[in-house]
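Per-entry structural report
Here is what each chain is made of, one letter per residue.
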Amino acid sequence: MLSVPIFNMQGFMKLLKQLWFFFLLAGASCAALAQTAAGPTPAHLTAAARVVAAMGLPERFIIPTKQLLEGSLAKDPDNAPLMLTTMAPYLQKQYTIDQLKGYFASQFDLDECRRIAAFWEGPVGKKLVRTQVQMLSTGTASELVFTAKEKAIMKRFDATKAGKAFLAAMPAIEDVMAEHTKITQTTMRERFLQDLEKKLDTEPQGKPV
């Protein structure tokens, strides 16, 4: 059965200390963000979805959850096909993106979302995500080493309104990601149990002795 741990990213956060150091050089300030009564626009949600994808947040959920699922499949091979079918939709990248984009739109305005996404889609962000995926997949990761050009990119970003807002929001983002993992894994388990019950109800019963 799929267990429901809260994924601990402390090891990865230590790897990010070089990045946070450059952010801290500029100082963090919490921007006051106002949302319209109508909620985020489609363009805003699209930009927020870019942030979720570029940060590798789907992988942060999918990789450890698949590892847990593999153990469950091995323990219950008879129900493995049903388990895979039930849980497959939750293991698509788009699922995590759709679940989290509203939160990011509520934390950052449209311009901030676009600038944060551009940073994570750039060379520094891609390097961080590669390191994250490596650690999630293997349990170890190469030391993060930034070139002079990459350090300059980080300094420019941390001096922006978007960079400061991003750093201020990081603790809350970690909490939201942990909660997303916990809730989704619980939902996956409950959905599987429901589907399993339906399957057992439709299977022919053995003749009484």
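The paragraphs below set out a description of the structure included in this document. (Residues numbered from 1 in each chain as written. Predicted model: local features only at pLDDT ≥ 70, side-chain atom pairs only at ≥ 80, totals over all residues. Heavy atoms only, no water.)

With respect to the overall build of the protein chain
A tally of helices and strands in the protein chain yields 10 helices and 0 strands. Reading the secondary structure of the protein chain in the N-to-C direction produces α-α-α-α-α-α-α-α-α-α. Burial analysis of the protein chain (209 residues in total) assigns 41% to the buried set. Looking at the protein chain alone, contacts between residues at least 24 apart form 85% of all its contacts between residues at least 6 apart. (Helix = DSSP H or I, 4+ residues; strand = E, 2+ residues; numbered from the N terminus. Buried < 20%, exposed > 50% of the residue type's maximum accessible area, 1.4 Å probe, protein only. Contact = heavy atoms within 4.5 Å.)

Brief notes about the environment of leucine 193
Of note, leucine 193 is situated in helix α10 (residues 161-202). Note: C-alpha distance between leucine 193 and threonine 86 (107 residues apart in sequence) is 9.6 Å.

What about the side chain of lysine 127?
By secondary structure assignment, the location of lysine 127 is in helix α8 (residues 123-138). Among the residues examined, lysine 127 registers a relative accessible area of 16% and is labelled buried. Reaching out from lysine 127, the side chain makes a polar contact with the backbone oxygen of valine 145 at a distance of 2.7 Å. Once you skip the residues sitting within four places of it in the chain, lysine 127 turns out to touch Leu144, Val145, Phe146 and Glu150. (Polar contact = N/O pair within 3.5 Å; in protein donor to acceptor, adjacent residues only side chain to side chain.)

Structural notes on the pattern of salt bridges
Counting across every chain of the model gives 9 salt bridges. Between aspartate 111 and arginine 115 there is a salt bridge, and its shortest N-O distance comes to 2.8 Å. Taken together, the positions of aspartate 111 and arginine 115, both in helix α7 (residues 110-121) and 4 residues apart, correspond to about one turn of that helix. Its salt-bridge partner being lysine 127, residue glutamate 150 comes within 2.8 Å of it at the nearest N-O pair. Taken together, the residues span a long stretch of sequence, with glutamate 150 in helix α9 (residues 148-158) and lysine 127 in helix α8 at a distance of 23 residues. We note that glutamate 150, like lysine 127, is buried. Salt bridges linked by common partners bring Asp109, Glu112 and Lys161 together as one network. (Salt bridge = Lys/Arg side-chain N within 4 Å of Asp/Glu carboxyl O.)

Thoughts on the packing of aromatic side chains
In this description, an aromatic ring pair is defined by two values, namely the gap between the centres and the angle between the planes. Overall, the coordinates contain 7 aromatic pairs when judged by the stated rule. Their ring planes at 10° and their centres at 4.3 Å tell us that phenylalanine 119 and phenylalanine 157 sit as a pair that is stacked. Residue phenylalanine 119 is found in helix α7, and its partner phenylalanine 157 is found in helix α9; the two are separated by 38 residues along the sequence. Here phenylalanine 119 matches phenylalanine 157 in class, with each residue buried. Grouping aromatic residues by their ring pairs yields a cluster made of Phe119, Trp120, Phe157 and Phe166. (Phe/Tyr/Trp six-rings, centres within 6.5 Å; stacked < 30°, edge-to-face > 60°.)

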